[in-house]
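# Structure at a glance
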Amino acid sequence: MRSCILVTGGAGFIGSHICVALSAGGYTPLILDNFSNGDPGVVERLGRITGRPPRCIRGDVRDRALLDRLFREECVEGVIHLGGVKAASDGLSDPIACHENNVVGSFTLIAAMRAASVKNLIFASSAAVYGSPDVSPVPESAACRPSSPYGRTKREIERALTALCVADPAWRVTVLRYFNPAGAHESGLIGEFPRGTPLHLVSAVCQAAAGLGQTFKVQGSDYPTWDGTTIRDYVHVMDIARAHVLALDHMQQRPWQQGLQTLNLGTGRGHSVLDVVRAVEHVSGRQVACELGPRRVGDVPACWANPSMALATLGWRASGNLEAICRDSWCWQVSSGRWPDSILPRIRINSNLRS
Ligand SMILES: NC(=O)c1ccc[n+]([C@@H]2O[C@H](COP(=O)([O-])OP(=O)(O)OC[C@H]3O[C@@H](n4cnc5c(N)ncnc54)[C@H](O)[C@@H]3O)[C@@H](O)[C@H]2O)c1
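The structure contained in this document is the topic of the report that follows. (Residues numbered from 1 in each chain as written. Predicted model: local features only at pLDDT ≥ 70, side-chain atom pairs only at ≥ 80, totals over all residues. Heavy atoms only, no water.)

### Concerning the environment of Glu74
Following the sequence through the fold, Glu74 ends up in the loop between α3 (64-73) and β4 (76-81). With relative accessibility at 18%, the residue Glu74 sits in the buried group. Residues Glu74 and Leu6, spaced 68 residues apart in sequence, show a C-alpha to C-alpha distance of 9.4 Å. Those residues in contact with Glu74 that sit more than four places away from it in its chain are Leu30 and Arg55. A polar atom in the side chain of Glu74 sits 2.7 Å from the side chain of Arg55. (Helix = DSSP H or I, 4+ residues; strand = E, 2+ residues; numbered from the N terminus. Buried < 20%, exposed > 50% of the residue type's maximum accessible area, 1.4 Å probe, protein only. Contact = heavy atoms within 4.5 Å. Polar contact = N/O pair within 3.5 Å; in protein donor to acceptor, adjacent residues only side chain to side chain.)

Next comes the structure, spelled out in structure tokens:
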């Protein structure tokens, strides 16, 4: 029988791609999402990709009664927990709400899992737990000094999960620290669904390339990096999704290995903001008008992962390069039906890049 995996936040950007990877990997995803930032059309489009839409429950991870009922009625074997506030900027503007959603939500979920004796968990953490790392590539052993309220919520949950696994060795927890997930599924049917101004660089540059909104503002061009702009580790969202399936397989195949494991998910390579601009220009065949602006508060100059532990543990390695990330993101945004008809005739997908 295919194992049923509860995916909290499964209607969101990363969660929807995880659902595709789960179906391909022989698991049955069950989505729990409150649609505060989820895409209502995603379930139907997931069905078009996988041949069968996943079941989806509209609800909140802070709703303990709902979780108890769900674990009673469904045969859930593991949980992938993504539901929460995803953006550092949300934490800055409303740190209490960020804490409430991320920390209280996670603790409510963990308590319900414990009550139902479901003790297999993959937690979506973030490179934000490192804050401003002393060196890149960053290994998992690097000091965790989160500099944002959002990063602190992720670290608080990680610490609680560590304590939980010490107190009860029956738990198997994989903490995955994502670096900069970007891109989209190659079908162009799912991707990041920005409400208003996109928070992710690749989506924002694609919108600027399409001529939506104003010029693209580069936030800081005087960093001590090769071109003065910040450097990050952009990792294809389908690579991120695949890692979750490998982590579940790893849990299933080695039931004797209990406790908590923390893994970085990145490519091990950094790209600057201007590298991303050039890559989007290449895949879209359009120029991006850039404006150099001041630094954004709290941004670190450079941060990329040492992903060798994920390779050694799961056999995972990112395969999508920056061009693939930008191409898939561009295709998704062009085909998502969210751009005004007036601009669509002016844009094209550089079909040479598809081969
Ligand atoms: N996208 C990134 O750059 C990034 C980087 C590191 C870590 N993460 C983490 O990965 C996870 C997913 O991120 P994403 O980019 O897909 O974000 P997203 O906003 O697209 O997806 C999150 C989903 O969770 C849902 N949600 C929010 N609060 C909920 C709640 N209380 N109960 C149920 N559902 C809830 C939202 O409706 C949304 O569908 C988040 O936990 C985020 O912190 C994301």
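Next comes the rest of the description.
### Section: the pattern of salt bridges
Within this structure, the stated rule accounts for 17 salt bridges. Across the pair Asp39 and Arg45 runs a salt bridge, and its minimum N-O distance is 2.7 Å. Taken individually, Asp39 and Arg45 each receive the classification buried, so the pair is uniform in this respect. Between Arg62 and Glu100 there is a salt bridge whose closest N-O contact spans 2.7 Å. A residue pair is termed long-range when its members are at least 10 positions apart, and Arg62 in the loop between β3 (55-58) and α3 and Glu100 in helix α5 (residues 95-115) qualify at 38 residues. Given a relative accessible area of 35%, Glu100 falls into the partly exposed group. (Salt bridge = Lys/Arg side-chain N within 4 Å of Asp/Glu carboxyl O.)

### As for helix α2 (residues 42-50)
Those residues of α2 not exposed but buried are Val42, Val43, Arg45, Leu46 and Gly47. Structurally, α2 contributes buried residues whose contacts are with α1 (13-24), β2 (28-33), β3 and α11 (322-335). Of the residues flanking the end of α2, it is Gly51, one or two places downstream, whose phi is positive at about 90°.

### A few points about the nonpolar core
Of all hydrophobic cores here, the largest spans 39 residues; its most connected members are Leu22 and Tyr178. With nine residues, the single largest contributor to this core is helix α8 (residues 237-253). Apart from the residues lying within four places of it in its own chain, the contact partners of Tyr178 are Ile14, Ile18, Leu82, Ala124, Ser125, Ser126, Ala127, Ile240, His244 and Leu265. (Core = buried A, V, L, I, M, F, W, Y, C linked by side-chain atoms within 4.5 Å.)

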